[in-house]
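Chain by chain, the residues run as shown.
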Amino acid sequence: MNAKIAETAMSTENVTATAPSRQSFEAERSNWRIIILILATLAIWIGFHAWTGVFISPRNLSNLAVQAAITAIIAAGLCWLLVAREIDLSVGSLLAMCGVLCMLLLQKAGLDAYLTILIVLLVGVGVGLLQGGLRVTLGIPSFIITLAGFSWLRGLAYVLSGAETLSGAGDTFYEIANGEIPTTISLFIILALAAIYLHGWVRVYTALLGPQKYERRAVNLVILALSLCAAALSAWVFATRNGIPYPLAFLALLVFVMEYSGRHTRFGRYVYAIGGNPTSAKRAGINVNRMVLALFGLMGALTAVAAIIQTSRLDAGPPNVGLFVNLSALSAAIIGGTSLFGGEGRVLGTVIGALLMASINNGLSLAGVDTFYQMIITGGLLIVAVSADHAAQRRPR
Amino acid sequence: MSTSVTSASAVSVRDLRKNYGAVEATRGVSFEIFPGEIVGLVGDNGAGKSTLTKMIAGDVPPTSGEIRIGGTSVQSSSTTWARDHGVEMVYQDLALCDNLDICANIFLGREITRRSVLGYARLSHDVMMAKAQQLLTMLEVKLPNLREPVTALSGGQRQMVAIARSVAYEPKLVIMDEPTAALSVSAGQPVLELIRRLPQRNVAILLISHRLSDVLTTADRILVLRRGKIVAAVRASEIDEGELLHLMAGINVPNED
Ligand SMILES: Nc1ncnc2c1ncn2[C@@H]1O[C@H](COP(=O)(O)OP(=O)(O)O)[C@@H](O)[C@H]1O
Ligand SMILES: [Mg+2]
């Protein structure tokens, strides 16, 4: 079929003459949003550092990264579900169930870490596909299907564990969340990524020097500056003391893959198309049901990954873990600019939203402020973020 | 209509019937549309227009009768089959994804990709962009930046994007179900002008509209559907709005000439 349009279009004129810009206005707007989020996070860091004196240190930032990663991994999956007009309220319960399962497999069944990981991943995907399958075959809103999951998965976590917390996951499993890529390799990775990025940027920027609007150049300059800061900061945090923690490496890879495929693959484009208008997506020949099913499968897989990291970090699988993960992942997505009504939202923004929230909690803990105040502040933050968003959208573009 | 021209028709339907329980939505409809022809389809509410178009588009299976697309007989009803065989639909609304840009909407579901080094199919943004630009130039449709999300467009512009999309892959037949119904009369004019330019691309068009003046000025021929049957097939130049209304309502028109 592509051949047909090729005949009509290619034959007439030179294709490259139009020199189209790569970024849509929409992407540019979300870039600004992400920049503002990053700056807000940095401001919070500086504020807490002034308050506590220990916030910005390799040790704390490394710790913070792993803390944020668990929520962020879940929030990333949730982001795409929300973009496609779906939701998952069962993630916290699945997290606990998978954690319990990890410990059972390791201790009671005596499996090794790798087999345990494989089985837990499969169970996560299976639960995701089950919920997605119910969603598309019965046509029941995912809100309800996963509200049921919120309950039955938590129940299952308690039943499987006998309401007891098994601990002691073994050395290999413990390494998952507590181990790091060796310092020299970490440094190499950070420098290599920075070099690749800089090279790509120079190429794009030379192309942009043409008839681009001023604002777009500004966006690119700010992104460049922030990226270089991030590289310097990571080099300091992850190459002076310990290396890059495995959970953070996974999260970084995940963000890259999801951001990339959101922009450059059919799958990613269809996630957004479905969120924009499910009817027209369907009419355009997109198999909406299969997409939704795949997104729930992905959500299950990512929740399982988060559960593995969580279990390894705690070195235990308590059945009551992650009671608030639904809400913190949802908050991260919303603070990161994901719309509850679908069609809008990016994984990068969502992950930074998770980092921002984790930073506040971490900072308040360092400052010795009670958890209850942390909850109040998170609530206030949500309202501030969303109203700032509303104000920004009313502004003419 | 003789049988010798059947193979040349873009679409031909013969004795098409659709029953919904006891309701006979269409009762033996037959017609042909040829490439480069605009055929208007008019009829009162419940006459069976939507049912007829849905059968051709593969959305609902006919109870009996035959549909041929470009000479190929339709065996099973499927919108995918119909689209793959050159039947496109333009809807009154709900046609575009607001959050995607114009280019992405034009290629939605049929994105052009190329194999990347790692073996996955990567969207060819630049190629799609250039082709979208050329398509719109050929159709003489002027739009702002194709990277802009379609929310920024007016209703008429959005419908023109939908029409451009429908002809992007050189279909045999484009069915337009009330393409201007959601637009004001003035906003509908450029859309109708675009539709009039389409036959140059050798595509057959079935145009449904309750605005009879639009059909009269845009279509070459007009089919009048009444209670599931075609009661008249006339050249648009040989009929006026009053006569059409009479035919639709089933009142005998006094012979004026
Ligand atoms: N899905 C359906 N189930 C039952 N009856 C239907 C259905 N769709 C259409 N009909 C009936 O078929 C007849 C023709 O409807 P339709 O094709 O929608 O007409 P039009 O588009 O010309 O207004 C009407 O009597 C309508 O009530
Ligand atoms: Mg109708």
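Q: How should I be thinking about the overall build of chain B in this particular structure?
A: Secondary structure assignment for chain B yields eight helices and 12 strands. When the 257 residues of chain B are sorted by exposure, 52% land in the buried category. Expressed as a percentage of contacts within chain B between residues at least 6 apart in sequence, the contacts between residues at least 24 apart total 66%. Surface accessibility of chain B: about 11000 Å² in total, with carbon and sulfur atoms responsible for 48%. Within chain B, the 28 negative side-chain charges are centred at a point lying 7 Å from the centre of the 27 positive side-chain charges.

Q: Teacher, can you tell me more about the overall build of chain A here?
A: Within chain A, the secondary structure is distributed over 16 helices and two strands. The buried share among the 397 residues of chain A stands at 50%. Of all intrachain contacts in chain A linking residues separated by at least 6 positions in sequence, the fraction that spans at least 24 positions is 81%. As presented, chain A carries roughly 18400 Å² of accessible surface, and 68% of it is formed by carbon and sulfur atoms.

Q: What exactly am I supposed to notice about helix α1 (residues 49–56) of chain B here?
A: The α-helix advances 3.6 residues per turn, and as a result positions three or four apart in sequence lie on the same side. All names here are of chain B. Taking burial as the measure, the eight residues of α1 include six buried ones, the bulk of the element. Residues K49, T51, L52, T53, M55 and I56 constitute the buried set of α1. Backbone geometry just after α1 places G58 at a positive phi near 80°.

Q: What am I meant to see in the pairing of strand β12 (residues 229–235) of chain B here?
A: Here is the key point about a regular strand: its side chains alternate between the two faces of the sheet. Residues and elements named next belong to chain B. Here strand β11 (residues 221–226) pairs with β12 via six bridges, running antiparallel. What sits directly across from R221, in β12, is R235. As consecutive antiparallel partners, β11 and β12 are separated by two residues, and within that stretch R227 has a phi angle of approximately 45°, a positive value.

Q: Before we go on, may I ask you to explain unusual backbone geometry in this structure?
A: Positive phi, close to 55°, is recorded for E140(B), a residue that is not glycine. Examined against the element boundaries, E140(B) turns out to sit in the loop between α4 (125–138) and α5 (155–167).

Q: Before we go on, may I ask you to explain the sheet that holds strand β5 (residues 72–73) of chain B in this structure?
A: Adjacent strands of a sheet form backbone hydrogen bonds with each other and so pair up, either parallel or antiparallel. Residue and element names in this part refer to chain B. Across the sheet, which stays open at both edges, the four strands sit in the order β2-β1-β4-β5 with antiparallel pairing between neighbours. In the strand order of this sheet, the two ends are held by β2 (23–33) and β5, each with one partner. As paired strands, strand β1 (residues 11–20) and strand β4 (residues 64–69) are joined by five bridges and run antiparallel to one another. Bridge pairing links R17 to S64 in β4. Where α1 meets the sheet, its contacts fall on β1, β2 and β4, and the angle it forms with β1 comes to roughly 120°.

Q: Mind showing me how you'd approach the site of ligand 1 here?
A: Residues and elements named next belong to chain B. Around ligand 1, the neighbouring residues are Y20, V23, A25, D44, N45, G46, A47, G48, K49, S50 and T51. A distance of 3.2 Å separates an oxygen atom of ligand 1 from a polar atom in the backbone of A47. A distance of 2.8 Å is found between an oxygen atom of ligand 1 and a backbone nitrogen or oxygen belonging to K49. Protein chains bury 59% of the 560 Å² of accessible surface belonging to ligand 1 in isolation. Of all elements in the fold, only β2 and α1 reach the threshold of two or more residues within the shell around ligand 1.

Q: Just to check I follow, could you spell out the sheet that holds strand β3 (residues 38–43) of chain B for this structure?
A: Residues and elements named next belong to chain B. On the basis of which strands lie adjacent, the open sheet formed by six strands has the order β6-β9-β10-β3-β11-β12 and mixed pairing. The sheet is open, and its two edges are formed by β6 (87–90) and β12, each paired on a single side. Taken over all neighbouring pairs, the strand axes of this sheet differ in orientation by 20° on average, direction set aside. Packed onto the sheet, helix α8 (residues 241–249) meets β3, β11 and β12 and runs at close to 30° relative to β11.

Q: I'm lost on the pattern of salt bridges in this one. Help?
A: Pairing between side chains of opposite charge can happen when their charged atoms approach one another. Residues and elements named next belong to chain B. Considering all chains together, one arrives at 13 salt bridges over all chains under this definition. A salt bridge links R221 to E37, with the shortest nitrogen-to-oxygen separation between them at 2.7 Å. Here E37 lies in the loop between β2 and β3 and R221 lies in strand β11, a separation of 184 residues in the sequence. A relative accessible area of 10% places R221 in the buried class.

Q: Can you walk me through the environment of V150(B) in this structure?
A: Residue and element names in this part refer to chain B. You can see V150 is positioned in the loop between α4 and α5. Its relative accessible area of 0% is what places V150 among the buried residues. Put simply, V150 and G43 are 107 residues apart on the chain and 32 Å apart in space, counted from C-alpha to C-alpha. Here V150 is in contact with L96, C97, D98, L100, D101, I102, N105 and R158, once residues within four sequence places are set aside.

Q: Would you mind going over the confidence of the model for chain B with me for this structure?
A: The predicted coordinates of low-pLDDT regions are not to be read in fine detail. Residue and element names in this part refer to chain B. The predicted model of chain B averages 89 in pLDDT, with 95% of residues at 70 or higher. For residues 1–7, every residue scores under 50 in pLDDT, and the model assigns this stretch six contacts once sequence neighbours within four places are set aside. The complex prediction reports pTM at 0.89, with the ipTM value standing at 0.87.

Q: Would you mind showing me how to read the confidence of the model for chain A here?
A: Residue and element names in this part refer to chain A. The pLDDT averaged across chain A works out to 88; a share of 88% of its residues lies at or above 70. The secondary-structure element of chain A with the lowest mean pLDDT is helix α1 (residues 2–12), recorded at 41, while helix α5 (residues 113–138) shows the highest, at 98. Note on residues 1–22: pLDDT is under 50 here. Beyond four places in sequence and across chains, it has 37 contacts.

Q: Even after reading the chapter, I still don't get a nonpolar patch on the surface, so can you show me in this structure?
A: Residue and element names in this part refer to chain A. Taken together, L130, L134, L138, W152, L156 and L160 make up a surface patch of nonpolar side chains, about 500 Å² in accessible area. Listed by contribution, the elements that provide at least two residues to the nonpolar patch are α5 and α6 (142–161). In this fold, L160 is placed in helix α6.

Q: What is the right way to look at the packing of aromatic side chains in this model?
A: For any pair of aromatic rings, the description rests on two quantities: the centre-to-centre distance and the angle between the ring planes. All names here are of chain A. Under the counting rule described, the total for this entry stands at six aromatic pairs over all chains. Relative to F55, the ring of W45 lies with its centre 6.2 Å away and its plane at 50°, an arrangement referred to as tilted. Residue W45 is found in helix α2 (residues 25–52), and its partner F55 is found in the loop between α2 and α3 (58–83); the two are separated by 10 residues along the sequence. For W45, a relative accessible area of 10% puts it in the buried group.

Q: Could you clarify how one ought to interpret the environment of A332(A) in this entry?
A: Residue and element names in this part refer to chain A. Take A332: it is sitting in helix α14 (residues 325–335). Taking relative accessible area as the criterion, A332 reaches 0% and is therefore assigned buried. As a C-alpha pair, A332 and L298 span 34 residues in sequence and 18 Å in three-dimensional space. Filtering out sequence-adjacent residues up to four positions away, A332 remains in contact with A75, T350, G353, A354 and M357.

Q: So what exactly am I meant to see when it comes to α14(A) here?
A: Taken across its 11 residues, α14(A) has nine buried, putting it largely inside the fold. Directly after α14(A), the chain includes G337(A), whose backbone phi takes a positive value near 100°.

Q: I keep staring at the packing of helix α10 (residues 246–264) of chain A against helix α15 (residues 347–366) of chain A and nothing clicks. Help me out?
A: Helix packing for two helices is described by the angle between their axes and how far apart those axes are. Residue and element names in this part refer to chain A. It is at 9 Å that the axes of α10 and α15 come closest, and there the two elements cross at 150°. If you check the angle between α10 and α15, you find them roughly antiparallel. The segment α10 lies against α15, with L251, V255, M258 and E259 engaging V347, L348 and V351. Split by residue class, the contact of α10 with α15 holds six nonpolar, no polar and one charged.

Definitions and cut-offs
Residues numbered from 1 in each chain as written. Chains lettered and ligands numbered in written order. Predicted model: local features only at pLDDT ≥ 70, side-chain atom pairs only at ≥ 80, totals over all residues. Heavy atoms only, no water. Helix = DSSP H or I, 4+ residues; strand = E, 2+ residues; numbered from the N terminus. Buried < 20%, exposed > 50% of the residue type's maximum accessible area, 1.4 Å probe, protein only. Contact = heavy atoms within 4.5 Å. Areas by Shrake-Rupley, 256 points an atom, 1.4 Å probe, with all protein chains shown as cover. Lys, Arg positive; Asp, Glu negative; His and termini not counted. Charge placed at Lys NZ, Arg CZ, Asp CG, Glu CD. Pairing = 2+ DSSP bridges. Axes fitted to C-alpha atoms, helices over the stretch in contact; angles between N-to-C directions. Near = heavy atom within 4 Å. Polar contact = N/O pair within 3.5 Å; in protein donor to acceptor, adjacent residues only side chain to side chain. Salt bridge = Lys/Arg side-chain N within 4 Å of Asp/Glu carboxyl O. pLDDT = per-residue confidence, 0-100. Patch = residues over 30% accessible without salt bridge, like charges linked within 9 Å, V, L, I, M, F, W, Y side chains within 5 Å. Phe/Tyr/Trp six-rings, centres within 6.5 Å; stacked < 30°, edge-to-face > 60°. Parallel < 35°, antiparallel > 145°, perpendicular 65-115°, else oblique. Nonpolar A, V, L, I, M, F, W, Y, C, P; charged D, E, K, R; others polar.

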